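Tertiary structure, described
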Amino acid sequence: MYYIKRLYRFFDDLKANNDREWFTANKPLYEELRALWLADIDRMLSLMSSWEPSLASLTAKSCAYRIYRDTRFSRDKTPYKTFFSASASSRGRLSDRAGYYIELGRADSYDQGLYGGVWCLESATLKKLRHAIVDNIEEWEEIVSAPEVQALYPGWCSTTLKTIPKGWERNHPQAEYLRMTNYGKVHHCSDDFFLDPAWPERAADMFHALKPLIDFINYSIDE
């Protein structure tokens, strides 16, 4: 049986038995499934590095997140995530730069899929990026309105301020972008996407459409 079917079953069972006793009893299965997932992520990264050389030094282990939840500041004290995820950028998994994120499983708060962009920027960096978008609005609009981006990643994955940030005109023509606090795109994936053994190739190809957006954000932050 293709491992993704077994992985979905594992996450369904974990969601119903999210405790250390069940996880310990099923840890050999978890480790087997995680190894297979990491192998597929390595395959995806290898394909992505053909058009994004900065990812060539990354490995699945350096990009994948742990299954163990940080419950210190959460009301939800269940110890394990019910999904696998990985993030890749020019600065690795934990980065303040734009990059690519993939998630598969049974999360409660996020949908499985392919994500690209930047989130949780510091205030000064967010301000800098907003100015870059306004100052280069024609380039920005050309990137985000590209047919492939529109087809694969419609809309934005971002929280939005109720009012325009301080210092900008209330009726600014780029108010939509100025009110955004994150600049991310998402392609939600059904189970069937990952049940196709060629999903690493498909994901790498779909991520490629976001490269101009990722590049714009990163050189705007770095300049």
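Look up a bit, the structure's there.
Quick look at the structure, then.

Definitions and limits used
- Residues numbered from 1 in each chain as written.
- Predicted model: local features only at pLDDT ≥ 70, side-chain atom pairs only at ≥ 80, totals over all residues.
- Heavy atoms only, no water.
- Pairing = 2+ DSSP bridges.
- Helix = DSSP H or I, 4+ residues; strand = E, 2+ residues; numbered from the N terminus.
- Axes fitted to C-alpha atoms, helices over the stretch in contact; angles between N-to-C directions.
- Contact = heavy atoms within 4.5 Å.
- Buried < 20%, exposed > 50% of the residue type's maximum accessible area, 1.4 Å probe, protein only.
- Phe/Tyr/Trp six-rings, centres within 6.5 Å; stacked < 30°, edge-to-face > 60°.
- Lys NZ or Arg CZ within 6 Å of the ring centre and 35° of its normal.

**As for the sheet that holds strand 3 (residues 113–118)**
Spatially, the four strands line up as an open sheet ordered 1-2-3-4, and their pairing is antiparallel. In this open sheet, the two edge strands, each paired with only one partner strand, are strand 1 (83–89) and strand 4 (183–188). On average, each strand axis in the sheet is inclined to that of its neighbour by 15°, with strand direction left out of account. In this fold helix 11 (residues 211–222) packs onto strand 2 (99–105), strand 3 and strand 4, with an angle of close to 25° to the strand it touches most, strand 3.

**Describing the pairing of strand 4**
Buried residues dominate strand 4, accounting for five of its six residues. Where strand 3 and strand 4 come together, six bridges link them in antiparallel fashion. Pairing of Gly 116 across the sheet is with Lys 185, part of strand 4.

**Remarks on the packing of aromatic side chains**
Inspection of every chain in the model, using the stated rule, returns 25 aromatic pairs. Considering the side-chain rings of Trp 156 and Tyr 183, the 6.4 Å spacing of their centres and the 90° angle between planes classify their relative orientation as edge-to-face. Of the two residues, Trp 156 is situated in the loop between helix 7 (147–152) and helix 8 (175–178) and Tyr 183 in strand 4; the sequence distance between them amounts to 27 residues. Residue class for Tyr 183 comes out buried when judged on its relative accessible area of 0%. Pairwise contacts between aromatic rings join Phe 10, Phe 11, Trp 22, Phe 23, Tyr 30, Trp 37, Tyr 68, Tyr 80, Phe 84, Phe 193, Phe 194 and Trp 199 into one cluster. Over the aromatic face of Phe 84 sits the side chain of Arg 34, whose NZ or CZ is 5.8 Å from the ring centroid. Over the face of the ring belonging to Trp 156 we find Lys 185, whose NZ or CZ atom lies 4.1 Å from the ring centre.

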